[in-house]
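Residue-level listing of the chains:
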Amino acid sequence: MSSILSTCSRAILEVLFPSCCVACGHKLVQGEQAICSSCLNAIVRTEHMFLPDNGIDMLFADWIKKEHRTIHYEHGVAFAFYNRERGQLLRSLIERGKFGTFPNPMVFHELGRVAAMDYLDSELFDDVDVLVPVPLHPRRLRQRGFNQAEYICKGLHSITKIPIDTSHLVRTKNNPNQSRSNFDKRHENVLDLFAMRYPEEWKNKHILLVDDVITSGATLFECMKQMTPIRGCRISVFALGWAHN
Ligand SMILES: [Zn+2]
């Protein structure tokens, strides 16, 4: 009896509050989650994985040169544009997923899943041992209720089956004003933001660092710096969006 009632209430709720696409508001059909297929198809991809020396590789090559660091950087990609000209849809999805009236982690899961499908025939996931989301500070995590980078990892994992590690790279400081900072301030803000726990467990591992958006690259570079002392540790980078004009 109770299961019949519960099925009925679910059906009534579905009629009253149908699941709609976060971007366009159209009702989702079976198999769609948070974002409809048309919106997913309309996101403007960078095709980074198929471009030698793409913008993300060049960005981190600059960081490594500027900071005179020995970092075993393999490759980096941003799935889609996040700028004014070509990135409005992705911007709207990420902003609604994070800051909307009802923040929705499934937006990030879905974008990660679709990106993994797009890149399955590329070399991005070859010999990657572990997916590592850029950690949120515990206070920010409590406010939002989820770490969007972790949900991107879950979406990537649903296709690639590569394990996710959220325990070794940790956040030690909060930087609440990062999105409003200028480049130099942003770099200053991220200093000593992260720390490694049990770094020896990442010896000879290939890590895919995952974040939602790459702007200056400073946050991801700070994560990379934490891994430089680990022998044989190689680093690649994945982000959903590239805020490059
Ligand atoms: Zn839609």
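A brief report on the enclosed structure follows. (Residues numbered from 1 in each chain as written. Predicted model: local features only at pLDDT ≥ 70, side-chain atom pairs only at ≥ 80, totals over all residues. Heavy atoms only, no water.)

**Observations concerning the overall build of the protein chain**
Argument step 1. Assigned secondary structure in the protein chain consists of nine helices and six strands.
Argument step 2. A total of 245 residues make up the protein chain; the buried ones form 49% of that total.
Argument step 3. When contacts within the protein chain are restricted to residue pairs at least 6 apart in sequence, those whose partners lie at least 24 apart make up 75%.
Argument step 4. Within the structure as shown, the protein chain displays about 12,800 Å² of accessible surface, and the carbon and sulfur contribution to it stands at 52%. (Helix = DSSP H or I, 4+ residues; strand = E, 2+ residues; numbered from the N terminus. Buried < 20%, exposed > 50% of the residue type's maximum accessible area, 1.4 Å probe, protein only. Contact = heavy atoms within 4.5 Å. Areas by Shrake-Rupley, 256 points an atom, 1.4 Å probe, with all protein chains shown as cover.)

**Let's talk about the nonpolar core**
Argument step 1. Among the nonpolar cores identified, the biggest contains 39 residues, and Ile35, Phe79, Leu111 and Phe238 are the most heavily contacted of them.
Argument step 2. Listed by contribution, the elements that provide at least two residues to this core are α2 (37–42), β1 (73–81), α4 (88–99), α5 (105–118), α7 (148–160), β5 (206–214) and β6 (234–242).
Argument step 3. Not counting the four nearest positions on each side in its chain, phenylalanine 79 is found in contact with Ile43, Arg45, Thr46, Glu47, Val114, Ala115, Asp118, Tyr119, Phe238, Ala239 and Leu240.
Argument step 4. Of all hydrophobic cores here, the second largest spans 31 residues; its members include Ile71, Val132, Ile235 and Val237. (Core = buried A, V, L, I, M, F, W, Y, C linked by side-chain atoms within 4.5 Å.)

**Here's the deal with the coordination of the zinc ion**
Argument step 1. Every protein donor of the zinc ion is listed here as Cys21 (SG), Cys24 (SG), Cys36 (SG) and Cys39 (SG), and their distances to the metal cover 2.3 Å.
Argument step 2. One way to put it: the four donor atoms around the zinc ion meet at angles of 106 to 114 degrees, and that makes the site tetrahedral.
Argument step 3. For the zinc ion, all donor residues lie on one chain, and their spacing in sequence is C-x2-C-x11-C-x2-C. Of the two residues, cysteine 21 sits in the loop between α1 (2–16) and α2 while cysteine 39 sits in helix α2, which places them 18 residues apart along the sequence. The same class applies to cysteine 21 as to cysteine 39, namely buried. (Donors = N, O, S within 2.8 Å, 3.2 Å for Na, K, Ca; no water. Tetrahedral: all angles 85-135°; square planar, octahedral: opposite > 155°, others 65-115°.)

**Brief notes about the packing of aromatic side chains**
Argument step 1. Tallying each qualifying case throughout the model produces six aromatic pairs.
Argument step 2. With 5.8 Å between their ring centres and 40 degrees between their planes, phenylalanine 60 and tyrosine 73 make a pair best called tilted. In this pair, phenylalanine 60 is assigned in helix α3 (residues 55–66) and tyrosine 73 in strand β1, connecting sequence segments 13 residues apart.
Argument step 3. Three or more aromatic residues joined by ring pairs make a cluster, and in this case those are Phe108, Phe146 and Tyr151. (Phe/Tyr/Trp six-rings, centres within 6.5 Å; stacked < 30°, edge-to-face > 60°.)

**What to know about α5**
Argument step 1. Taking 1.5 Å of rise per residue, the 14 residues of α5 would be expected to cover 20 Å, and the 20 Å separating its terminal C-alpha atoms lies within 8% of that figure.
Argument step 2. The element α5 is largely enclosed, with a buried count of ten among its 14 residues.
Argument step 3. Within α5, burial applies to Pro105, Val107, Phe108, His109, Glu110, Leu111, Gly112, Val114, Ala115 and Ala116.
Argument step 4. Contact partners of the buried residues in α5: α2, β1, α4, α7 and β6.
Argument step 5. The N-capping residue of α5, defined by a side-chain oxygen 2.9 Å from the backbone nitrogen of methionine 106, is asparagine 104. (Expected span 1.5 Å × (residues − 1). Polar contact = N/O pair within 3.5 Å; in protein donor to acceptor, adjacent residues only side chain to side chain.)

**Some details on the packing of α4 against α5**
Argument step 1. In the contact formed by α4 and α5, the axes pass within 7 Å of each other and the chain directions differ by 140 degrees. In terms of their interaxial angle, α4 and α5 are classed as oblique. The segment α4 lies against α5, with Leu90, Leu93, Ile94, Gly97 and Lys98 engaging Val107, Phe108 and Leu111.
Argument step 2. Residues that form the contact of α4 with α5 fall into these classes: six nonpolar, one polar and one charged. (Axes fitted to C-alpha atoms, helices over the stretch in contact; angles between N-to-C directions. Parallel < 35°, antiparallel > 145°, perpendicular 65-115°, else oblique. Nonpolar A, V, L, I, M, F, W, Y, C, P; charged D, E, K, R; others polar.)

**What to know about helix α9 (residues 218–227)**
Because an α-helix completes one turn every 3.6 residues, residues spaced three or four positions apart along the sequence face the same direction.
Argument step 1. The element α9 is largely enclosed, with a buried count of nine among its ten residues.
Argument step 2. Buried within α9 are the following residues: Ala218, Thr219, Leu220, Phe221, Glu222, Cys223, Met224, Lys225 and Met227.

**What about the packing of α3 against α9?**
Argument step 1. Between α3 and α9, whose axes approach to 11 Å, the crossing angle comes to 55 degrees. For the element pair α3 / α9, the angle class is oblique. Handedness of the α3/α9 crossing: right-handed. For the pair formed by α3 and α9, the contact residues are Phe60, Trp63 and Ile64 on the first element and Ala218, Leu220, Phe221 and Met224 on the second.
Argument step 2. In the contact of α3 with α9, the residues fall into seven nonpolar, no polar and no charged. (Left-handed = near helix turned anticlockwise from the far one by under 90°.)

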